[in-house]
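The residues making up each chain are set out below.
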Amino acid sequence: MSIESFYEYPAGVALSRFLEGLRLGRLIASKCSACNHMIIPPRAYCLKCYRPIKEYQIIGEEGRIVTYTRSLINIEGKPANPPVTWVFVKFEGVDGGLLHVLDSTINPQIGMRVRPVFREQRIGSILDIKWFTAV
Amino acid sequence: MRKRVAIVGAGMTYFRSMLPMTPQEMVFEAARKSLDDCGLEFKDIDAVVSGSAPDAFDGYHHKGLVGVEPSGAYGKPYSRVFVGGGTGVGVAVAGWWHVASGAFKRVLVVAWEKMSHPYPHAQPLFKTIFDPVIEQPLGPNLIWIFALEMRRYMEAHKLSKELIARVAVKNKGNALDHPYAQLGAKITVEDVLKSPVLVWPVHRLDISPSSDGAVALVFASEEEAKKITDTPVWIEGVGACLDSQFWTNRDLAYPYYVYLAAQQAYKMAGITNPLKEIDVFEPYDPFTYKELHHLDALLGKPGLAPKLLAEGQLERDGDYPTCPSGGLLGVGNPIAAAGLMKVAELYWQLSGRAGKRQVPNACVGVAQAWGDLMQVAQVVVCRS
Amino acid sequence: MTRATPSRFSPNYLQQLPEDLAKYIQRHGLDKELGRLEGWASSTEKRYTEVEEWQIDNLILTYWHIACMYRHSAGAAFSRFLEGLKNGKILGTRCENCGRVLIPPRIFCEWCFKDVDKWVEHPGTGIISTYSLSYIGTDPRVRFEKPVIVAVIWFDGTVKAVNSSRTVLHAAGMLHKVYGVDPEKVHVGMRVKPVWRKPEERVGSILDIEYFAPVEGGA
Ligand SMILES: [Zn+2]
Ligand SMILES: [Zn+2]
């Protein structure tokens, strides 16, 4: 037997802004007007004071690698050639962070300064970022 | 010693066939409103109990996690309760345990559903509730079990489809007065009978819509409740009962397990004659006949509910107002949220906040949900 | 007015992606036109929230496909049951404590909470306990001209009325389809019997019973 379905996920209030930002080659965070807390990916509500969010801001694209791992298997569970380095990147003054892939020519280090490289064609997807590369 | 538990706040989103918000955003809206309703903040909450249907509907596996952030459950005990279609009332029952046990003073209870994610439709996913070895190979759809149960129920009490269709007319009519309803409408028995037959005896208008939505309630201990509000609604009794998954082995005409769950709740609440003592009934009505089927069991009298319906007694201004909210048929059916909406309706009715839907002098109410393979019953009895 | 925009993996877009990811997306059909754009656009025209701050100017829609295949073990009782079907037999178990015949079989009695190891064979004749006429398939968009009769069959001699705290009635019974009768004429209480596939066609499945058919001369 099987469980099978296509899924259509509306990105909602906050992530629609985020994905629209990626399409335009920008990183968008949410900012609470009450307590100034900023977070990426953006939320529609503040995680500090639990008020609804209405402000979204473009943030500086430079971040730092918080942690990384090297995956030897790909999305199909088969050997990845070359191996894929996954990084979690945090941005100055912004809570949260982004999980993405690192430039395959770069040796990752924790604390390394990185920036996103956007693809030429963009559709409003997390894949619009090709990868993060060293600054 | 069991603590007394009160509902002190409630909030909900619109119920719609497609809500553009994410499940997280829906949970936040409902939770924020429930706290605003009673003047509390997220930091005032000691624990969160959440409920949502199978993960395949939202398309997030382990989807309990999406409720954590928007319900402010960071650093607090958080659990997801699941008892099939019974989850919406089951989550209220579980919220009650949290406070009645004395372990927590203020608990947020939240349920949500995002049925619009599966494309093109959630229906094929429902097939997987059937046994994979001896039932799924027959190519079932969800409506089979309802049609089989409905036919057996009709046979047991010689009920006509015309009579049963009046449940849809009543509930969709009641939903016209519900500000968050998806399908409030003035329809006729004719409309129901003329709507397409899907699995006879079930027509399209016998079925509640599939919906997105979220509902949240705030529960508090007696001491806290008195500080928070002048109009607490007390949860006086809870009941829960499951029959076995071997549903072809029982008589589908009467949900005895619903009767047993109701009896547990009545005993706790000191109710001996539900017909006399209860002012508002919110039985689970995903399909028209289900309202009657469940009301029979809540009253402990098989076949009585259809008679009361025929006499017009189940109308909002009748002697036994049933689904004054508009029910799942009228307000909508975001599975777990729909069940909790019924408990929210008791809160609004019994605290005198039900607006145009208000049943005069309502003091005692019962809400019930049902699910799985015709085997789950969850019941809550409230008093103002 | 709110727009709804799909983030669709067009063939051009896929060219930019790593090959294994692009192939995965194609294999799952995510490069096709999907979705209900109009539906979503109109969903944002109705009131969708009471949170004033929540304005959506452009609702982005993303797509994924989940497909899991499962191989279910039939377990002790159902394995023997399926083996029986392959041999043209309907097998059940009987609880020696409460006397119930259990079909579908289990190796425990959930009433008595005891092991059950006595196996019995049933000819499969019985009555229709309830039925329905399905005009749609598992996919609700598939509509049948002539409905499929779906029924719960209760097997002869196994119906046991009880006033226990558990239920009001037990019957050995099975979900299956009924053919050989006009949908207008089928009724609760109708006598039926199993119609088996030919022995060489049976595989140890519930479908080894092709369907149930009215017993001639039965009411
Ligand atoms: Zn804030
Ligand atoms: Zn037994």
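Structure first, text after, so check above.
Presented here is an overview of the structure given in this document. Keep in mind the model is a prediction, meaning the values are calculated, not measured.

1. Considerations on the overall build of chain A
Logical step 1: Check the secondary structure of chain A and you find 1 helix and 10 strands.
Logical step 2: Reading chain A from its N end, one meets helices and strands in the order β-α-β-β-β-β-β-β-β-β-β.
Logical step 3: Considered along the principal axes of its C-alpha atoms, chain A spans approximately 50 × 45 × 30 Å.
Logical step 4: Contacts in chain A between residues far apart in sequence, at least 24 positions, make up 50% of those at least 6 positions apart.
Logical step 5: In chain A, 17 positive and 12 negative side-chain charges are present, and the distance between their average locations comes to 6 Å.

2. With respect to the environment of W196 of chain C
Residue and element names in this part refer to chain C.
Logical step 1: Its location among the elements puts W196 in strand β13 (residues 191–196).
Logical step 2: Residue classification places W196 among the partly exposed residues on the basis of a relative accessible area of 22%.
Logical step 3: Along the backbone, W196 and V142 are 54 residues apart, and their C-alpha atoms lie at a distance of 27 Å.
Logical step 4: Dropping the residues within four chain positions of it, W196 is found in contact with L85, G88, K89, I90, R202, D208, I209 and E210.

3. Some thoughts on the packing of helix α5 (residues 143–157) of chain B against helix α11 (residues 288–299) of chain B
Residues and elements named next belong to chain B.
Logical step 1: One way to put it is that α5 packs onto α11 with a least axis distance of 10 Å and a crossing angle of 60 degrees. The pairing of α5 with α11 is recorded here as oblique in orientation. Taken as a pair, α5 and α11 cross one another with a handedness that is left-handed. Here α5 contributes F146, E149, M150, Y153 and H157 to the contact with α11, which in turn contributes Y289, K290, L292, H293 and D296.
Logical step 2: Split into classes, the residues belonging to the contact of α5 with α11 amount to 5 nonpolar, 2 polar and 3 charged.

4. A word on the sheet that holds strand β2 (residues 28–31) of chain A
Residue and element names in this part refer to chain A.
Logical step 1: Here 4 strands make up an open sheet; going across it, the order is β4-β2-β3-β7 and the pairing mixed. Because the sheet does not close on itself, it has two edges, and the strands there are β4 (55–58) and β7 (95–96).
Logical step 2: Taken together, the 2 bridges between strand β3 (residues 38–40) and β7 define a ladder with parallel strand orientation. Across the sheet, I40 pairs through a bridge with G96, a residue of β7.

5. Focus on empty space enclosed by the protein
Logical step 1: By the definition in use, this model includes 4 cavities of 30 Å³ or more.
Logical step 2: Lining the largest cavity are D131, I134, E135, Q245, F246, W247 and T248 of chain B together with F78, P104, M174 and L175 of chain C.
Logical step 3: A class-by-class count of the residues in the lining of the largest cavity yields 7 nonpolar, 2 polar and 2 charged.
Logical step 4: Estimated volume of the second largest cavity: approximately 70 Å³.
Logical step 5: Looking at the second largest cavity, it is lined by 12 residues, and the ones nearest its centre are D243, N249 and R250 of chain B together with R100 and W111 of chain C.

6. Brief notes about the coordination of the zinc ion (ligand 1)
Residue and element names in this part refer to chain A.
Logical step 1: Note on the zinc ion (ligand 1): its protein donors are C32 (SG), C35 (SG), C46 (SG) and C49 (SG). The metal-donor distances range over 2.3 Å.
Logical step 2: Because the angles between the 4 donor atoms bound to the zinc ion (ligand 1) fall within 98 to 125 degrees, the donor set is best described as tetrahedral.
Logical step 3: As a motif over one chain, the donors of the zinc ion (ligand 1) read C-x2-C-x10-C-x2-C. Pair noted here: C35 is in the loop between β2 and β3 and C46 is in the loop between β3 and β4, with a separation of 11 residues, a long-range link.
Logical step 4: Since its relative accessible area comes to 2%, C46 is described here as buried.

7. Section: the interface of chain B and chain C
The accessible area lost on association of the parts is a frequent measure of interface size.
Logical step 1: Between chain B and chain C, the contact holds 58 residues from the first and 61 residues from the second.
Logical step 2: Taken over both partners, the interface formed by chain B and chain C buries close to 5200 Å², and the fraction arising from carbon and sulfur atoms is 67%.
Logical step 3: Contact with chain C buries surface across chain B, with M18, L138 and N249 of chain B losing the most and accounting together for 13% of the total.
Logical step 4: Summed over the shared surface of chain B and chain C, the result is 23 residue pairs in polar contact (both at pLDDT 80 or more).
Logical step 5: Mapped onto the side of chain B that touches chain C, the elements with two or more residues apiece are α1 (23–38), β5 (118–119), α4 (123–126), α5, β6 (197–200) and α9 (256–269) of chain B.
Logical step 6: No other element matches the 7 residues that α5 of chain B contributes to the side of chain B that touches chain C.
Logical step 7: Residues of the side of chain B that touches chain C, tallied by class, amount to 32 nonpolar, 11 polar and 15 charged.

Cut-off values and rules
- Residues numbered from 1 in each chain as written.
- Chains lettered and ligands numbered in written order.
- Predicted model: local features only at pLDDT ≥ 70, side-chain atom pairs only at ≥ 80, totals over all residues.
- Heavy atoms only, no water.
- Helix = DSSP H or I, 4+ residues; strand = E, 2+ residues; numbered from the N terminus.
- Contact = heavy atoms within 4.5 Å.
- Lys, Arg positive; Asp, Glu negative; His and termini not counted.
- Charge placed at Lys NZ, Arg CZ, Asp CG, Glu CD.
- Buried < 20%, exposed > 50% of the residue type's maximum accessible area, 1.4 Å probe, protein only.
- Axes fitted to C-alpha atoms, helices over the stretch in contact; angles between N-to-C directions.
- Parallel < 35°, antiparallel > 145°, perpendicular 65-115°, else oblique.
- Left-handed = near helix turned anticlockwise from the far one by under 90°.
- Nonpolar A, V, L, I, M, F, W, Y, C, P; charged D, E, K, R; others polar.
- Pairing = 2+ DSSP bridges.
- 1 Å grid on protein atoms, 1.4 Å probe; cavity = no way out; pocket = protein on both sides within 12 Å on 5 of 7 lines; lining within 4 Å.
- Points joined across faces, edges and corners; volume = space filled by probe spheres on them.
- Donors = N, O, S within 2.8 Å, 3.2 Å for Na, K, Ca; no water.
- Tetrahedral: all angles 85-135°; square planar, octahedral: opposite > 155°, others 65-115°.
- Buried area = accessible area lost by both parts, 1.4 Å probe.
- Polar contact = N/O pair within 3.5 Å; in protein donor to acceptor, adjacent residues only side chain to side chain.

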